Amino acid sequence: MTILIADDDPLTLEALAACIADEGFQTLSAADGKQAIDLWREHRPQLLCLDIMMPEIDGFDVCRRVRATDSAVPILFLSAKNEEIDVVVGLGLGADDFIRKPFTRAEVIARIRAALRRAHPADDKGRRFTMDDLTVHPDALLARREDKSIELTRREVLMLELLHKNAGLPVARDRFLDECWGLDYFPDSRTLDQHVLMLRKKIERDPANPRIIATVRGIGYRFEASR
Amino acid sequence: MRGIWLTFLPLLVAATLALWGGERLARREVETRTSADRERLHDFADALRAELDRLDDMHHEHLARIAGKAPFAVPEVTAKACSDIAGTRECHVFQGKGKSYAVSGTRPPDDSVRLPEVEIAGGKRPLNARRSVILPAELLEAGNLGASGIIREPGGDHEIRWFRPSLEHLVAFTVDPAELRQRVDTHLREWLAGPFAPLRESGELVSLTGPGDVALVTLQADTDAGPAALVMPHRTRLGEWQVQAWDRRQVATTHDTATLILACGIAAALLLLGAFLFLQQRRALRLAEERVSFVNRVSHELGSPLTNILLNLDLSLRSLNDRPAETRRRLSLVNEEVQRLARLVSNVLTFSRGERKTLELRPAACIPDEAVEAVLAQFQPSLERRKVTVEWQRGATSGTRLDPDALAQITGNLISNVEKYASAGGWLGIETTMEDGRFQLRVRDRGPGIPPRQKERIFEAFERVHRGVSEGSSGTGLGLSIARDLARRMGGDLVLDSSENGAVFQLDLPAPPHLAVVADEPAA
């Protein structure tokens, strides 16, 4: 899942891209509106985060042009312009949300995930798979057990997808890192363990005795489909 | 905007009313009268009198002639003679106090007209005072022989004309004066055609009225002319005629200059007051808008660095254990953003102190190039990220005495402008010199430049060349204003030099040599 970020402040652009990538999303970075439109046409990302004040073509105009051809893709404005009129104009142009600067990483990630959930509702029509008594909706970044919804990060979804595809087989730690973090990323093994720990806390009924993500000593992790 | 018009419009209306009222007060109507041609008028009046007298005498003589013959004539002859004289209804012939006979003359126009009985006092017939005209018995006295007179019918329209033609006789004619005057009027209207023509031709304002105020001729063009200037009445037995003449009246309108000037002055004062209030209100409105806009811009300016600080701190924490180099990089970015915030806060505080007149400079011994270098070092990472090449010709390495913080703030604002607005040019040129006790700093860029018409306006607070959202750049609009203000407080100036490519700012400050400060060797 790819997210396009457009901001003329290189620091914001880089930090935001790092935060979003850390959640397992692919990112595209644009330093101005024209570049944003070019990247949008070329890659068709699943979500756009746009600054308003940008050289060449401003964020409002980018939103207007994207909406002319795609009415469904979620668009979020991230702007330091905090006057009400800017919010009204932005939402009036078809944006899905308006996040005022300064914002925290947690806030922007939550807003991005909420926008993606609205765009890809976790209904019966969507793509899904089952792990034990847990149903995972990858596009909505959600898992469901009975009536309870569990929010997942993009990376967590990738990890569960990898385990589900290899049900009954151990998945090596390197494979996890390659497929869920990317080949050009070099987290150490503690990073994976910490993520698995967090994921178990989210999806296991008893994280101390996991039923979905089992540890395979010396190799990695495994999902026992028959259990 | 409506509020402004609500202020100006009432004063505009008041000024209009003052002008209108002043004109009314200043207006003076001067009346001039041109006398009528009195001689011509008198000639006409004399002619009229003569004609009226002629008619009166003729009528009287006719009646006197009939009266003289009536006592001795047969009644039919008397009646025939009476019927030839206009308005003569009856003729009574008295012999002593007894009546000899009475005959009818002209017929009244209406059969319902009642003619009065004519009796003589002391006669044989009983007298009816209600229906009769009683002639006094004294008329028969010897002393009245040959006399004549007129007695009006009490409460009626007729008059009795009596004559004493002989010692024994009294003859009384019942005359209808209305018919008689009508005949006279008819005659006069024909007669007037001749004598009145000169007056008509000369345009005199004249009127001729007969008995009963019946207007025979009127040449009074101006009915508001007021009372007549000349009144010439003429009374006869037939009635009273009156010639009236008016002077020619002309009204000229002039204005009292003093009143008019006063009214114009009041109107002008009201308009000036309105314009003053209008401008004051507009200025206050603009200032209020600018301050609101300023607050918004400051909060906008805070937004980006704070976001960068928050995101980079979060990312630093995440990489703290396994990627310490990344953490260090992130923390240096945080440091950069904190310095950016510090510059913003410093600018706002300086502006605020300048507004409250509490801004003070603290001159100290310093080397200008060191101050510039420290500022440039703060911007270096940002300029590198934006691929801006920096060329610095150092020339101010000797010691002087000036406020190093103020110099740093000026330099920071000038470089910040290049970073924000001209980084697309990819070049920043700095030149420092120290000659003849003056320090000069020139900051050049190859950005879009500043339009000549905004050469001075950019130094005003809240003014920004780039305002639109598509300009991409933001700013509080204070940087250059503060920089020039500080430069002037330091006894120098900051100006925008003309340049064909990009912008060139030149700072010029007095910098007396200060030997106590020794410059470090410039980095190789």
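In this convention, every chain numbers its residues from 1, walking through the sequence in written order. As they are written, the chains are lettered A onward and the ligands numbered 1 onward, keeping that order. Totals for whole chains, interfaces and linings use every residue, but because this is a predicted model, local features are given only for residues with pLDDT of at least 70 and side-chain atom pairs only at 80 or more, for both listing and counting. Based on all heavy atoms of the structure, the side-chain values leave hydrogens and waters out of the count.

Asker: Requested: an account of the confidence of the model for chain B, with residues and values cited.
Answerer: Note: predicted coordinates in regions of low pLDDT should not be interpreted at a detailed level. All names here are of chain B. For every residue, the predictor states its confidence as a pLDDT score lying anywhere from 0 to 100. Of all residues in chain B, 92% attain a pLDDT of 70 or more, and the chain-wide mean is 84. Helix and strand labels come from DSSP, where a helix needs a run of H or I of at least four residues and a strand needs a run of E of at least two; each type is numbered from the N terminus. The lowest-confidence element of chain B is strand β3 (residues 98-104), averaging 78 in pLDDT; the highest-confidence one is strand β18 (residues 438-445), averaging 94. For this predicted complex, the interface confidence comes out at an ipTM of 0.71, alongside a pTM of 0.54.

Asker: If you had to explain the pairing of strand β9 (residues 148-151) of chain A to someone new, which residues and values would you point to?
Answerer: Residues and elements named next belong to chain A. Should DSSP find at least two bridges between two strands, the strands are regarded as paired. Pairing analysis gives four bridges linking strand β8 (residues 142-145) to β9, with the strands arranged antiparallel. Bridge pairing in β9 links arginine 144 to serine 149. Hairpin geometry of β8 and β9 is characterised by an intervening segment of two residues between the two adjacent antiparallel strands and by a positive phi of about 50° at glutamate 146.

Asker: Residue-level account of a nonpolar patch on the surface, with values.
Answerer: Note on patches: the residues involved have over 30% relative accessible area and no salt bridge, like charges join within 9 Å, and the nonpolar side chains Val, Leu, Ile, Met, Phe, Trp and Tyr join within 5 Å. In these tables, accessible area is a Shrake-Rupley quantity obtained with a 1.4 Å probe, and a residue counts as shielded only by the protein chains included in the view. Each reported salt bridge corresponds to a side-chain nitrogen of Lys or Arg within 4 Å of a carboxyl oxygen of Asp or Glu. On the surface, A:Ile85, A:Val88 and A:Val89 cluster together to form a nonpolar patch covering roughly 240 Å² of accessible area. Mapped onto the fold, A:Ile85 is located in helix α4 (residues 84-92).

Asker: So what about the packing of helix α2 (residues 33-43) of chain A against helix α3 (residues 59-69) of chain A? Which residues, and what values?
Answerer: Residues and elements named next belong to chain A. Here α2 crosses α3 at 20°, and the two axes come no closer than 10 Å. Compared by their axis directions, α2 and α3 come out roughly parallel. Classified by chirality, the crossing of α3 by α2 is right-handed. For the pair α2 and α3, contact is made by Gly33, Ala36, Ile37 and Trp40 and by Val62, Arg65, Val66 and Thr69, respectively. Ten residues, namely Ala, Val, Leu, Ile, Met, Phe, Trp, Tyr, Cys and Pro, are considered nonpolar, four, namely Asp, Glu, Lys and Arg, are considered charged, and the remaining ones, Gly among them, are considered polar. The class makeup of the residues in the contact of α2 with α3 is five nonpolar, two polar and one charged. Convention adopted: a line fitted to C-alpha atoms gives each axis, helices being fitted over their contacting stretch, and angles between N-to-C directions are expressed from 0 to 180 degrees. Note on terminology: angles under 35 degrees are roughly parallel, angles over 145 are roughly antiparallel, angles of 65 to 115 are roughly perpendicular, and the others are oblique. By the definition used in this description, the sense in which the near helix is turned from the far one sets the handedness, with an anticlockwise turn below a right angle giving left-handed and a clockwise turn giving right-handed. Note on contacts: a residue pair qualifies if any of its non-hydrogen atoms lie within 4.5 Å across the two residues.

Asker: I'd like a rundown of the side chain of B:His234, residues and numbers included.
Answerer: All names here are of chain B. Looking at the secondary structure, you find histidine 234 in strand β11 (residues 230-236). Here aspartate 53 takes part through its side chain, which lies 2.7 Å from a polar atom of the side chain of histidine 234. Excluding residues that lie within four positions of it along the chain, histidine 234 makes contacts with Arg49, Leu52, Asp53, Gly239, Glu240 and Trp241. A 3.5 Å cut-off defines polar contacts: any pair of N or O atoms within that distance qualifies, except that in protein one atom must be a possible hydrogen donor and the other a possible acceptor, and neighbouring residues in sequence count only when both atoms are side-chain atoms.

Asker: I'd love a proper account of the environment of B:Gln242, names of residues and values included.
Answerer: Positionally, B:Gln242 belongs in strand β12 (residues 239-246). Between buried and exposed lies partly exposed: a residue is buried under 20% and exposed over 50% of the maximum accessible area for its type, with that area taken using a 1.4 Å probe on protein chains only. Judged by its relative accessible area of 23%, B:Gln242 falls in the partly exposed class.

Asker: Describe the side chain of A:Arg105, and please don't skip the residues or the numbers.
Answerer: Mapped onto the elements of the fold, A:Arg105 is located in helix α5 (residues 105-119). With residues near it in sequence (within four places) discarded, A:Arg105 still touches A:Cys19, A:Asp22, A:Glu23, B:Leu311, B:Asp314 and B:Arg318.

Asker: Describe the pattern of salt bridges, listing the residues and the values that go with them.
Answerer: Pairing of side chains with opposite charge becomes possible as their charged atoms draw close. For the structure on display, the rule yields 53 salt bridges over all chains. Between B:Arg152 and B:Glu159 there is a salt bridge, with its nearest N and O atoms 2.4 Å apart. The exposure class assigned to B:Arg152 is exposed, which follows from its relative accessible area of 51%. Note that B:Arg161 and B:Glu159 form a salt bridge whose closest N and O atoms lie 3.3 Å from each other. A single salt-bridge network, built from bridges that share partners, covers A:Asp22, A:Glu23, A:Arg105, A:Arg155, B:Asp314 and B:Arg318.

Asker: Please set out the sheet that holds strand β6 (residues 129-131) of chain A residue by residue, giving values where relevant.
Answerer: Residue and element names in this part refer to chain A. The strand order across the open sheet built from four strands is β6-β7-β8-β9, with neighbouring strands paired in antiparallel fashion. The open sheet has two edge strands, β6 and β9, and neither has a second partner. This sheet shows a mean twist of 30° between the axes of neighbouring strands, independent of strand direction.

Asker: Quick rundown of the packing of aromatic side chains? Include the residues and the values.
Answerer: The description of two aromatic rings rests on the distance between their centres and on the angle between their planes. Aromatic rings from Phe, Tyr and Trp, taking only the six-membered ring of Trp, are treated as a pair when their centres fall within 6.5 Å; an angle between ring planes under 30 degrees marks them as stacked, one over 60 as edge-to-face, and anything in between as tilted. Going through the model one piece at a time under the given rule, you end up with six aromatic pairs over all chains. Ring centres of A:Phe176 and A:Tyr221 lie 6.0 Å apart, and the angle between their planes is 80°; this geometry places the pair in the edge-to-face category. In this pair, A:Phe176 is assigned in helix α7 (residues 173-181) and A:Tyr221 in strand β12 (residues 220-222), connecting sequence segments 45 residues apart. Here A:Phe176 matches A:Tyr221 in class, with each residue buried. On the basis of an interplanar angle of 85° and a centroid distance of 6.1 Å, the ring pair of B:Phe459 and B:Phe505 is categorised as edge-to-face.

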